[in-house]
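# Observations on the model geometry
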Number of protein chains: 2
Amino acid sequence: MARRSRLQVRPPSMVDVAKQAGVSHQTVSRVLNAPETVSPDTRRRVERVMRELGYRRNSQARALKTRSTGLIGVISQGDTDFGPARMTLAIEEAARERGYATALTVVRDASADTVEKTLDFFLSHGIDGIVVITPVPALAEAAKQLSKKTPVVIVTSGLWPADNMDVAGIDQELGARRATAHLIEAGHRSVAHIAGPMDWFDARGRVVGWRQALAVAELSAPPMVEAGGWTAESGYRAAQQIMSWGQLPDAVFAANDFLALGLIRALEERGLRVPADISVVGFDDVDAAGYFSPPLTTVRQPFEDAGRAALELLLDESHGLTQVPNFIAPELVERGSVRPAQR
Amino acid sequence: MARRSRLQVRPPSMVDVAKQAGVSHQTVSRVLNAPETVSPDTRRRVERVMRELGYRRNSQARALKTRSTGLIGVISQGDTDFGPARMTLAIEEAARERGYATALTVVRDASADTVEKTLDFFLSHGIDGIVVITPVPALAEAAKQLSKKTPVVIVTSGLWPADNMDVAGIDQELGARRATAHLIEAGHRSVAHIAGPMDWFDARGRVVGWRQALAVAELSAPPMVEAGGWTAESGYRAAQQIMSWGQLPDAVFAANDFLALGLIRALEERGLRVPADISVVGFDDVDAAGYFSPPLTTVRQPFEDAGRAALELLLDESHGLTQVPNFIAPELVERGSVRPAQR
DNA sequence: GACTTGAGTACGAATATAACC
DNA sequence: AGGTTATATTCGTACTCAAGT
């Protein structure tokens, strides 16, 4: 880094501050780490000199002594998918609030080799812990291995804590129950489901929740339709399948907003109006959901809360104490794609 | 981090390795940093002990001495927009290839205060340099201030190097010229443009390139249509505007793929077929572009190359030497949305 | 004896200098 | 002398122990 040379003036150290303030470096250290043990007089003097000199703690030296770098590693597999991307940002923000920096690594595959390399990379950079965001089982398995060498929290929605692993995420089953129950409360008796790719924990959880809500209401579940992906196109195709049934459902709970979008498009092409003829609920609450036509009733995932929960698990005393995963409750957002109950 | 205690066995240091191998720690250091100066015999012995003990360099101690942490800070504003998101991943990957870790920070706004805080955060974590990804002017201005305190590279598409700032990005004008020229070569005389939000450098660059290509072919430019965003919905609305013209254009170059998607949808609703009646070219080459109907001819942005270029600027000797920004050339991807030339 | 401050050393790697064969 | 290896010190912070008021 050649330009460095231009900047290569040694930044002021504690010793510099101490000299300038006429105290020992130890006193400067105390001003930072235990201010109450320093007389207000000296403290003010030292603090003033710090400001004058533009003193900044050297985190490398600090890390060397304390054995903690303040660096959190984040491993994510999904790159541009909505959930993982939002979760990554949420974790970054939560970490920054607590003064931690996050080092992000996006892996293309979850092979043992890739994970091993990533771990090695993180360890050699002295991270304090790792958050693994994984919507699929493969990375989760690999993450279990990691936990032998460094604290690890898994962010997912379908894994139960085991082998001392800490898990945080969003309660997909609950979200799906809420979505389905909302449709049932609106008076619908036949509620279909378009599921996401079943290798995702999220997709599986939403299926379970859908079935639970139907069972509670003592309604039978129509056949489940598995979409090939999370896109509007997949939703469009899944809709074709539903429309080929002898009897159309009253309502459809789609596993995410884009699937719902494709579904709505397909329904309208057949002259079916949403919500007049058929009600639809999505999942995620993507930015555009309020601008669909009709505006989509959906389930909002509290990524920020989940990110914060993951970080607390990683950093806090509560570590290893929880026997139940930290699954945050998502909320239903009512808009215009569900027909109000008629009575 | 409570669980830490479970792991709190001090990792082996050079001294441990040295003791075990019966040499001095200095020799161990040489094995790592200048192997050729150590006799093959001792070297092998030391290396074996390193493996046995699972020795790993302590990057904190190393950073303390060398004044380099191997950490690169990345500041990005756009969170889920296609370009910035892809660029972030590209930079992360390029950095990792070179052994650097990237600390990501996504800022919500580009106020002086936010940027100041972020810089402070990065500096206190000892980053070696910063990459600022900015599609809009505000962050770019703020980035100029940063460069006084640490090496900075700006990743963008509309800023010329100034004040010793290093800039890398993708040549938007060239991409737009290629897209437009492709339409002209196909025999189209009237090529309209749906522009993205004009506060984005990318949007502006694409407008300039579009005009340039038309000028070279001595064709006049239809009025430019500015879409309110980058979404399909914006494209759909922009299309309404175009269709209100007395005379329809032969072809439309849309500033990104989603705008193109909305445009195509609007055209087809009017009974206009793409490409039979009107040709369309997009920009970005998003994952789904090949699955649009018709498959979209578009311009692929080489994010990986640009990310690598940014990193090289930040790390390499070439620093400050380039008077011209490192703008990488995007490529046209021909698919099915442009009518082949008829002669 | 409270309260405040200082001296000295450890953390682990890098390196200049010195010593060895 | 030339090829290797060893000794001693440095980086900046944290913390123990001791000393001063």
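The numbers attached to residues start from 1 for each chain and follow its sequence in the written order. All chains are assigned letters beginning at A, and all ligands numbers beginning at 1, according to the order in which they are written. Note on the predicted model: pLDDT of at least 70 is required for a residue's local features to be given, and 80 or more for side-chain atom pairs to be given and counted; whole-chain, interface and lining totals, by contrast, use all residues. Side-chain metrics rest on all non-hydrogen atoms present in the structure, leaving aside hydrogens and water.

## What to know about the overall build of chain A
Basically, it comes down to this: Segments assigned H or I by DSSP are reported as helices when at least four residues long, segments assigned E as strands when at least two residues long, and all are numbered from the N terminus. A radius of gyration in this sense is built from C-alpha atoms; the matching globule rule multiplies 2.2 Å by the number of residues raised to 0.38. Classification of residues uses two cut-offs on accessible area relative to the type maximum, computed with a 1.4 Å probe and protein chains only: under 20% is buried, over 50% is exposed, and between them is partly exposed. Contacts: residue pairs with any heavy atoms within 4.5 Å of one another. The method behind every accessible area is Shrake-Rupley, applied with a 1.4 Å probe, and residues are considered shielded solely by the protein chains displayed.
Helix and strand content of chain A: 13 helices and 12 strands. Computed over C-alpha atoms, the radius of gyration of chain A comes to 26 Å, more than 25% over the 20 Å expected from 2.2 N^0.38 for 343 residues, which places it beyond the range of a compact globule. With the C-alpha coordinates of chain A rotated into their principal frame, the extents come out at 90 × 45 × 40 Å. Residues counted as buried form 53% of the 343 residues belonging to chain A. In chain A, the proportion of contacts linking residues at least 24 apart, taken out of those at least 6 apart, comes to 71%. Within the structure as shown, chain A displays about 15100 Å² of accessible surface, and the carbon and sulfur contribution to it stands at 49%.

## Regarding the interface of chain B and chain A
This is how it is decided: When two components associate, each loses some accessible surface as probed by a 1.4 Å sphere; the sum of these losses over both components is called the buried area. Basic side-chain nitrogens of Lys or Arg form a salt bridge, by our definition, when they fall within 4 Å of a carboxyl oxygen of Asp or Glu. Any pair of nitrogen or oxygen atoms within 3.5 Å is treated as a polar contact; in protein, a donor-acceptor pairing is required on top of that, and neighbouring residues in sequence qualify only through side-chain atoms on both sides. Nonpolar residues are Ala, Val, Leu, Ile, Met, Phe, Trp, Tyr, Cys and Pro. Charged residues are Asp, Glu, Lys and Arg, and all others, Gly as well, are polar.
Every contact between the two is made by 59 residues of chain B and, on the other side, 60 residues of chain A. Taking both partners together, chain B and chain A bury about 5100 Å²; carbon and sulfur atoms supply 54% of that area. Applying the counting rule to chain B against chain A returns four salt bridges. Note that Arg56 of chain A and Asp120 of chain B form a salt bridge whose closest N and O atoms lie 2.9 Å from each other. The tally of links from chain B across to chain A stands at 14 residue pairs in polar contact (both at pLDDT 80 or more). Partitioned by chemical class, the residues of the side of chain B that touches chain A number 23 nonpolar, 16 polar and 20 charged.

## Focus on the protein's contact with DNA strand C
What counts, and what does not: Residue proximity to a molecule or strand is established when one non-hydrogen atom of the residue lies within 4 Å of it.
Close contacts around DNA strand C come from 28 residues, with Thr27 and Thr42 of chain A together with Met14, Gln26 and Arg62 of chain B the closest. Near-protein atoms of DNA strand C (within 4 Å) split between backbone and bases, with sugar and phosphate holding 59%. Contact between DNA strand C and Thr27 of chain A: a phosphate oxygen at 2.5 Å from a side-chain N or O atom of the residue. Here Ala61 of chain B contributes a backbone N or O atom positioned 3.5 Å from a base nitrogen of DNA strand C.

## Observations concerning the domain arrangement of chain A
Residues and elements named next belong to chain A. To be explicit about the condition: An automatic or database domain assignment is the source of the domain bounds shown.
We note that the domain assignment places domain 1 (4-53), domain 2 (71-171 + 303-328) and domain 3 (172-302) within chain A. The C-alpha-based centres of domain 2 and domain 3 are spaced at 29 Å. Opposite the 19 residues of domain 2 that make contact, domain 3 presents 14 residues. Buried area between domain 2 and domain 3, both sides added, is near 1400 Å², and the carbon and sulfur share of it is 62%.

## Quick look at the packing of helix α9 (residues 172-185) of chain B against helix α10 (residues 201-216) of chain B
Think of two packed helices as two axes; the pair is described by the angle between the axes and how far apart they sit. Residues and elements named next belong to chain B. Just so we agree on the cut-off: Angular values range over 0 to 180 degrees, each being the angle between N-to-C directions of two axes fitted as lines to C-alpha atoms, with helices fitted over their stretch in contact. Working definition: roughly parallel below 35 degrees, roughly antiparallel above 145 degrees, roughly perpendicular at 65 to 115 degrees, and oblique for all remaining angles. For any helix crossing, the convention is left-handed if the near helix is rotated counterclockwise from the far helix by under a right angle, and right-handed if that rotation is clockwise.
Where α9 contacts α10, the axes come no closer than 7 Å and their chain directions differ by 40°. Looking at the two axes, α9 sits oblique to α10. As α9 packs across α10, the resulting crossing turns out to be right-handed. Between α9, through Gln172, Glu173, Ala176, Arg177, Thr180, Ala181 and Ile184, and α10, the contact on the second element is made entirely by Asp202, Gly205, Arg206, Val208, Gly209, Trp210, Gln212, Ala213 and Leu214. Partitioning the contact of α9 with α10 into residue classes produces seven nonpolar, five polar and four charged.

## Describing the packing of aromatic side chains
Residue and element names in this part refer to chain A. What counts here: Ring pairs shown here join Phe, Tyr and Trp side chains whose ring centres sit within 6.5 Å, with only the six-membered ring taken for Trp; geometry is labelled stacked below 30 degrees between planes, edge-to-face above 60, and tilted in between. Consider the ring centre and the ring normal. A charge sits over the ring if Lys NZ or Arg CZ is within 6 Å of that centre and within 35 degrees of that normal.
In total, this model carries six aromatic pairs over all chains according to the counting rule given. On the numbers, 5.4 Å between centres and 70° between planes, the contact of Trp200 with Trp230 is edge-to-face. Here the residue Trp200 occupies a position in the loop between β6 (191-195) and α10 (201-216), and Trp230 occupies one in the loop between β7 (225-226) and α11 (232-243), the gap between them amounting to 30 residues. Taking the ring centre of Phe283 as reference, the NZ or CZ of Arg206 above it sits at 3.9 Å.

## Concerning the relation of the copies chain B and chain A
Rules: When the copies are overlaid, the least-squares fit takes in C-alpha atoms only where the residue has pLDDT of at least 70 in both copies.
Screw-axis analysis of chain B against chain A gives a translation of 0.0 Å along the axis, an RMSD of 0.1 Å, and a rotation angle of 180°. What we have between these two chains is a two-fold relation. Distance from the rotation axis, computed per C-alpha, reaches its smallest value in chain B at Ala103 of chain B: 2.2 Å. Most of the interface of chain B is mirrored in chain A, where 100% of its interface residues are also at the interface.

## A word on empty space enclosed by the protein
Think of a ball as big as a water molecule: rolled over the atoms, this probe shows where empty space is left. Put simply, the rule is: A cavity here means a set of points on a 1 Å grid, drawn over the protein atoms and nothing else, where a 1.4 Å probe fits but cannot get out; a pocket is an open set with protein on both sides within 12 Å along at least five of seven lines, and a residue lines either one if it has an atom within 4 Å of a point. Grid points are joined across faces, edges and corners, and a volume is the space filled by probe spheres set on the points.
Under the counting rule described, the total for this entry stands at two cavities of 30 Å³ or more. In this structure, the largest cavity occupies an estimated 160 Å³ of space. The wall of the largest cavity is formed by Ser59, Gln60, Ala63, Thr69, Leu71 and His125 of chain A together with Ser59, Gln60, Ala63, Thr69, Leu71 and His125 of chain B. Contributing elements (two or more residues each) for the lining of the largest cavity: α5 (59-66) of chain A together with α5 (59-66) of chain B.

## What about the sheet that holds strand β9 (residues 279-281) of chain A?
Residues and elements named next belong to chain A. Heads up, the condition is: Here, a strand pair is defined by DSSP locating no fewer than two bridges between the strands.
Read across the sheet, four strands follow the order β7-β6-β8-β9 without closing on themselves; strand pairing throughout is parallel. A single partner strand is all that each edge strand has here, and the edge strands are β7 and β9. Relative to strand β8 (residues 251-254), β6 runs parallel, the two being bridged by four bridges. When the sheet's bridge partners are listed, Ala192 is paired in β8 with Val252. Helix α9 (residues 172-185) contacts β6, β8 and β9 of the sheet and is inclined by roughly 165° relative to β8. Contacts from α10 reach β6 and β8, with the element oriented near 170° to β6.

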